[in-house]
Amino acid sequence: MRTTYLEATVRLYHLDSGPEGGAAETLFYGPLAEAMQIAARQPEEVQDGLFLATDNDVVAYLDLLEG
């Protein structure tokens, strides 16, 4: 995700910190711009575990905001 565009297809998912290493729950699959809007609407504690994945990269949502 280091170089991408707003229409890029991404998977927005939440990774919880369960005892077995956590489980990934997909929240959205579609354009990056829409995924970012959905992520921004999540509670702060959920945002901590959000990740965006393309076909060749994964980045934490909060890291992407800071970048």
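Our subject is the structure that appears above.
This structure is a prediction, so every number in the text was calculated from the model and none was measured.

Draft legend 1. Local environment of the packing of aromatic side chains. According to the stated counting rule, one finds one aromatic pair in the structure shown. The interplanar angle of 20° and the centroid separation of 5.7 Å between the aromatic rings of Y13 and F51 together place this pair among those described as stacked. Of this pair, Y13 sits in strand β1 (residues 9–15) while F51 sits in strand β3 (residues 50–53), placing them 38 residues apart in sequence. When the ring centre of Y13 is taken as origin, the NZ or CZ atom of R11, which lies over that ring, is 4.3 Å away.

Draft legend 2. Up close: the sheet that holds strand β4 (residues 58–60). Reading across from one edge, β2-β1-β3-β4 is the order of the four strands in this open sheet, with antiparallel pairing throughout. Edge positions in the open sheet fall to β2 (24–31) and β4, since each of these has one partner strand only. Pairs of neighbouring strands in the sheet enclose a mean axial angle of 25°, with direction left out of account. Where β3 meets β4, three bridges bridge the pair, whose relative direction is antiparallel. Paired with A53 across the bridge in β4 is V58.

How each quantity is defined
Residues numbered from 1 in each chain as written. Predicted model: local features only at pLDDT ≥ 70, side-chain atom pairs only at ≥ 80, totals over all residues. Heavy atoms only, no water. Phe/Tyr/Trp six-rings, centres within 6.5 Å; stacked < 30°, edge-to-face > 60°. Helix = DSSP H or I, 4+ residues; strand = E, 2+ residues; numbered from the N terminus. Lys NZ or Arg CZ within 6 Å of the ring centre and 35° of its normal. Pairing = 2+ DSSP bridges. Axes fitted to C-alpha atoms, helices over the stretch in contact; angles between N-to-C directions.

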